[in-house]
Amino acid sequence: MIRHLVVLGFLGSVLSACHKEEEHKEAPPKLEVTSPLRKDTSITKEYVAQIHAIQHIELRALERGYLQDIFVDEGQVVKQGQPMFKIMPNVYQVELLKAEAETKTVQIEYENTRALAEKNIVSPNELALARAKLDKANAEVKLAQTHLNFTDIKAPFTGIMDHLAARKGSLMDEGDLLTTLSDNSKMWVYFNVPEAEYLDYMAIQGRDEHRKVKLKMANAQVFNQEGTIETIEGDFDNKTGNIEFRAVFNNPDRVLRHGETGNILMEVPFANALLIPQKATFEVLDKTYVYVVTKANKLEQRLITIAAEQPHLFIVKAGLKEDDRVLIEGLRRVQNGETIAVNFQTPEHVYSHLDLYAE
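Here the structure is a predicted model, which is why all the values come from computation and not from measurement. (Residues numbered from 1 in each chain as written. Predicted model: local features only at pLDDT ≥ 70, side-chain atom pairs only at ≥ 80, totals over all residues. Heavy atoms only, no water.)

Undergrad: Sorry, what's going on with the pattern of salt bridges here?
TA: When the charged atoms of two side chains with opposite charge come close together, those side chains can pair. A complete count under the given rule lists 13 salt bridges for this structure. Note that arginine 131 is salt-bridged to aspartate 135, the shortest N-O span being 3.3 Å. Placement of the pair is arginine 131 and aspartate 135 together in helix α3 (residues 124-149), with a separation of four residues, close to one helical turn. Among the residues examined, aspartate 135 registers a relative accessible area of 38% and is labelled partly exposed. Each member of the salt-bridge network shares a partner with another, and the members are Glu300, Arg302, Lys321 and Asp324. (Salt bridge = Lys/Arg side-chain N within 4 Å of Asp/Glu carboxyl O. Helix = DSSP H or I, 4+ residues; strand = E, 2+ residues; numbered from the N terminus. Buried < 20%, exposed > 50% of the residue type's maximum accessible area, 1.4 Å probe, protein only.)

Okay, structure coming up:
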């Protein structure tokens, strides 16, 4: 019995050794590998924006009185010089007539004094005094005419009216709001840029150049006119660390209105950038890694720094070289130091099919 047990134990040891030998002889997994791609590229940065009309003003009553007429309607496009409102002018018409009558009286007095001065009957000082009274009377006429003109309120520029703040027959005090008017033939679009991105912008952009930008509207459609960055505010906001940019957009179809919101789309160029597929990366404690395949086909876990992101791609700032080989499939099935069989794919082939991959 003991002899049989010894034989069985020996056979078990032999079979176990053979099984282990077979495991060691299994071929390593064959996985796809590629290299980073070096090329000039760009990314699109997006900034929340506020849209303002190039001119946006309040129209207010310049004189006290009843609102006699309204010649326009809410939302209407009005032309420069077009009548919009009329304050009841009766009082101001009377004041003008009174001033004109007084001027005629003073004019007669002046003519008489001048005739006497020419005959040396009155002194030159009396003539000068009469002239001064006439000038004062003429000034009173102009002042009365100005007050009367203020009862006719006309559009200072071509634009779109907002809602009416007063109705016909309302008693208006001087300074009361009537409506607002917006010239939206061009639009100023304001957006805030973080300090680091501002410094990158200044490093890339020449001071005499104006970068082109696009505007994504609230419905996610891109506005059909391209804009230009015109100005940058003088100071940073210490609370947010941002600085305000202003871009101008032509608005020929009057699609954009004052007070809208949107997003500025600004392309940022990256010259001679190093690109890798996003699917070649994995994260550990908020740090980004790739598996680099050594000459011996061993996997080496390597930390990389990402400069920017594109659809399906990362722009690598540090950690990789152009001739490195990077694992692009099966990242979850391998581990650091493992040997694999390499199925190398050219960067051009891999990058042209990235949108088809779904790992």
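Undergrad: Could you clarify how one ought to interpret unusual backbone geometry in this entry?
TA: The general pattern is negative phi for most residues beyond glycine and trans for most peptide bonds. Residues other than glycine seldom take positive phi values, yet alanine 220 does so here, at roughly 75°. Considering the arrangement of structural elements, one finds alanine 220 in the loop between β10 (212-217) and β11 (227-232).

Undergrad: Is there a simple way to think about the pairing of strand β14 (residues 281-284) in this case?
TA: If a strand is regular, its side chains alternate between the two faces of the sheet. Of the pairings in the sheet, the one linking β14 to strand β15 (residues 287-293) comprises four bridges and is antiparallel in character. Paired with glutamate 283 across the bridge in β15 is threonine 288. (Pairing = 2+ DSSP bridges.)

Undergrad: What is the right way to look at the sheet that holds strand β3 (residues 65-70) in this model?
TA: Within a sheet, adjacent strands bond to each other through the backbone by hydrogen bonds, running parallel or antiparallel. Here we have four strands laid out as an open sheet, ordered β6-β5-β3-β8, and antiparallel in their pairing. On the outer flanks of this sheet lie β6 (152-154) and β8 (171-172), each paired with one strand and no other.

Undergrad: Got a minute to help me understand the packing of aromatic side chains in this structure?
TA: The full count for this structure, using the stated rule, is eight aromatic pairs. Ring centres of tyrosine 47 and phenylalanine 191 lie 5.6 Å apart, and the angle between their planes is 35°; on these two criteria the pair is classed as tilted. Of this pair, tyrosine 47 sits in strand β2 (residues 37-60) while phenylalanine 191 sits in strand β9 (residues 177-194), and the two are 144 residues apart along the sequence. Both residues of the pair, tyrosine 47 and phenylalanine 191, belong to the buried class. Ring centres 6.5 Å apart and planes at 80° place the aromatic pair tyrosine 198 and phenylalanine 245 in the edge-to-face group. A residue pair is termed long-range when its members are at least 10 positions apart, and tyrosine 198 in helix α4 (residues 195-204) and phenylalanine 245 in strand β12 (residues 242-250) qualify at 47 residues. Exposure class is identical for tyrosine 198 and phenylalanine 245. Each is buried. Taken together, Tyr47, Phe191, Tyr198, Tyr201, Phe236 and Phe245 form an aromatic cluster joined through their ring pairs. Over the face of the ring belonging to tyrosine 110 we find arginine 131, whose NZ or CZ atom lies 5.3 Å from the ring centre. Here the guanidinium or amino end of arginine 246 rests over the ring plane of tryptophan 188, the centre of that ring lying 3.9 Å away. (Phe/Tyr/Trp six-rings, centres within 6.5 Å; stacked < 30°, edge-to-face > 60°. Lys NZ or Arg CZ within 6 Å of the ring centre and 35° of its normal.)

Undergrad: What should I look at first to understand a nonpolar patch on the surface in this one?
TA: The grouping of Tyr66, Met88 and Leu171 at the surface amounts to a nonpolar patch, some 280 Å² of accessible area in total. Structurally, methionine 88 is set in the loop between β5 (83-87) and α2 (90-118). Residue methionine 88 is classed as partly exposed on the basis of its relative accessible area, which comes to 35%. (Patch = residues over 30% accessible without salt bridge, like charges linked within 9 Å, V, L, I, M, F, W, Y side chains within 5 Å. Areas by Shrake-Rupley, 256 points an atom, 1.4 Å probe, with all protein chains shown as cover.)

Undergrad: I keep staring at empty space enclosed by the protein and nothing clicks. Help me out?
TA: Under the defined criterion, the tally for this structure stands at one cavity of 30 Å³ or more. Each pocket or cavity is described by its volume, and for the largest cavity that value is around 60 Å³. As for the largest cavity, its lining consists of Lys45, Tyr47, Glu197, Asp200, Tyr201, Ile204, Arg211, Met266 and Val268. Within the residue set of the lining of the largest cavity, elements represented by two or more residues are β2, α4 and β13 (261-277). (1 Å grid on protein atoms, 1.4 Å probe; cavity = no way out; pocket = protein on both sides within 12 Å on 5 of 7 lines; lining within 4 Å. Points joined across faces, edges and corners; volume = space filled by probe spheres on them.)

Undergrad: Would you take a moment to explain the pairing of β9 for this structure?
TA: One ladder, built from eleven bridges, connects β2 with β9; its direction is antiparallel. Within β9, the residue paired with arginine 60 across the bridge is leucine 177. As paired strands, strand β7 (residues 159-161) and β9 are joined by two bridges and run antiparallel to one another. Note that in β9 the partner of isoleucine 160 across the bridge is serine 182.

Undergrad: Where do I start with the side chain of threonine 103 in this structure?
TA: Residue placement: threonine 103 occurs in helix α2. Among the residues examined, threonine 103 registers a relative accessible area of 10% and is labelled buried. Setting aside residues up to four positions removed in sequence, threonine 103 forms contacts with Leu134, Ala137, Asn138 and Val141. (Contact = heavy atoms within 4.5 Å.)

Undergrad: Just to check I follow, could you spell out the packing of α2 against α3 for this structure?
TA: For any two helices packed against each other, the geometry comes down to the angle between their axes and how far apart the axes lie. Closest axis-to-axis distance for the α2/α3 pair is 8 Å, and the angle between their directions is 165°. Relative to α3, α2 is oriented roughly antiparallel. Relative to α3, α2 is oriented so that their crossing is left-handed. Residue composition of the contact of α2 with α3, by class: 13 nonpolar, seven polar and seven charged. (Axes fitted to C-alpha atoms, helices over the stretch in contact; angles between N-to-C directions. Parallel < 35°, antiparallel > 145°, perpendicular 65-115°, else oblique. Left-handed = near helix turned anticlockwise from the far one by under 90°. Nonpolar A, V, L, I, M, F, W, Y, C, P; charged D, E, K, R; others polar.)

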